[in-house]
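The lines below spell out each chain.
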Amino acid sequence: YFFYLKPKLELSEKLLSAEKTLLAHQSILTQNRLAYAELTKLNPASASFQSDSSNLVATLQSTQKSGLEQILEKNTIPEVDAIKTDIFQKLLQDTEAIYREQEELVKQALTAEKYKDAVSVLKSEKGVSLLTKQTNLILEYQFLIQRIKNYEL
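Read on for a plain summary of the structure. Model, not experiment: these values are computed from the prediction.

Criteria and thresholds
- Residues numbered from 1 in each chain as written.
- Predicted model: local features only at pLDDT ≥ 70, side-chain atom pairs only at ≥ 80, totals over all residues.
- Heavy atoms only, no water.
- Core = buried A, V, L, I, M, F, W, Y, C linked by side-chain atoms within 4.5 Å.
- Buried < 20%, exposed > 50% of the residue type's maximum accessible area, 1.4 Å probe, protein only.
- Helix = DSSP H or I, 4+ residues; strand = E, 2+ residues; numbered from the N terminus.
- Contact = heavy atoms within 4.5 Å.
- Polar contact = N/O pair within 3.5 Å; in protein donor to acceptor, adjacent residues only side chain to side chain.
- Salt bridge = Lys/Arg side-chain N within 4 Å of Asp/Glu carboxyl O.
- Axes fitted to C-alpha atoms, helices over the stretch in contact; angles between N-to-C directions.
- Parallel < 35°, antiparallel > 145°, perpendicular 65-115°, else oblique.
- Left-handed = near helix turned anticlockwise from the far one by under 90°.
- Nonpolar A, V, L, I, M, F, W, Y, C, P; charged D, E, K, R; others polar.
- Expected span 1.5 Å × (residues − 1).

Section: the nonpolar core
Ranked by internal contacts, the top residues of the largest apolar core, which has 40 residues, are Leu22, Leu29, Leu39, Ile83, Tyr141 and Ile148. The set of elements that each furnish at least two residues to this core consists of α1 (2-39), α2 (49-73), α3 (85-110), α4 (115-122) and α5 (125-149). Discounting residues that sit within four places of it in the chain, Tyr141 has contacts with Leu22, His25, Gln26, Leu29, Leu91, Leu92 and Thr95.

This is the structure we're talking about:
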């Protein structure tokens, strides 16, 4: 009986570990995406514009930094049938590329003289493409998380 349960318990622990890692990456990426999108929607005539824009830029920079740190720290998952490590590694590469590209766009936006010019940078073709890639990546994380949750022991 013990020999039957031990492999299932080990597999369960591996699945849980993989799920936690995927959730950590997905969470930061989602927070980052929300801050980026909200930054493009601010009303410069609003009384809270200064504080809102400062908070969103800080959140964006913080999530970029945290996301890149997570890629260095949480860059492995246990090998399980539900998700292969090469798929996870590709996901991390794509996530890092998004943070790096976005970092450049945000730097360009922050050097703009006016909010309107900064928004033009963020809403540029490159910015929209980046948001689309980021959304697709968040969905890939979600798909893998769901795959783990639905995995039969």
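Still to come is the rest of the account.
Let's talk about the side chain of Thr40
Mapped onto the elements, Thr40 comes out in the loop between α1 and α2. Classification of Thr40 as buried rests on a relative accessible area of 13%. Separated by 2.6 Å, the side chain of Thr40 and the backbone oxygen of Ala37 make a polar contact. The contacts of Thr40, once residues within four sequence positions are left out, are Tyr115, Val119, Leu122 and Lys123.

What about the pattern of salt bridges?
Note that side chains of opposite charge can pair when their charged atoms are close. The tally for this structure, following the rule as stated, stands at eight salt bridges. In this structure, the salt-bridge partner of Lys90 is Asp94, at a minimum N-O distance of 2.8 Å. One end of the pair, Lys90, and the other, Asp94, are both in helix α3, four residues apart, so they sit about a helical turn from each other. Overall, the relative accessible area of 46% leaves Lys90 in the partly exposed class. One salt bridge connects Glu96 with Arg100, and the closest N-O pair in it is separated by 3.3 Å.

Description of the packing of α3 against α4
As a packed pair, α3 and α4 sit with axes 8 Å apart at the nearest point and diverge in direction by 160°. In terms of axis orientation, α3 runs roughly antiparallel to α4. When you trace α3 past α4, the crossing you get is right-handed. Contacts from Leu105, Gln108 and Ala109 of α3 reach α4 at Ala118, Val121 and Leu122. Grouping the constituent residues of the contact of α3 with α4 by class yields five nonpolar, one polar and no charged.

Topic: the environment of Gln61
Assignment of secondary structure puts Gln61 in helix α2. Separated by 42 residues in the primary sequence, Gln61 and Glu103 place their C-alpha atoms 7.8 Å from one another.

Structural notes on α2
With 25 residues, α2 extends 35 Å from end C-alpha to end C-alpha; this agrees with the ideal 36 Å at 1.5 Å per step. Within the sequence span of α2, burial applies to Phe49, Ser53, Leu56, Val57, Leu60, Thr63, Gln64, Gly67, Leu68, Gln70 and Ile71.

This is a description of form; function is not addressed.
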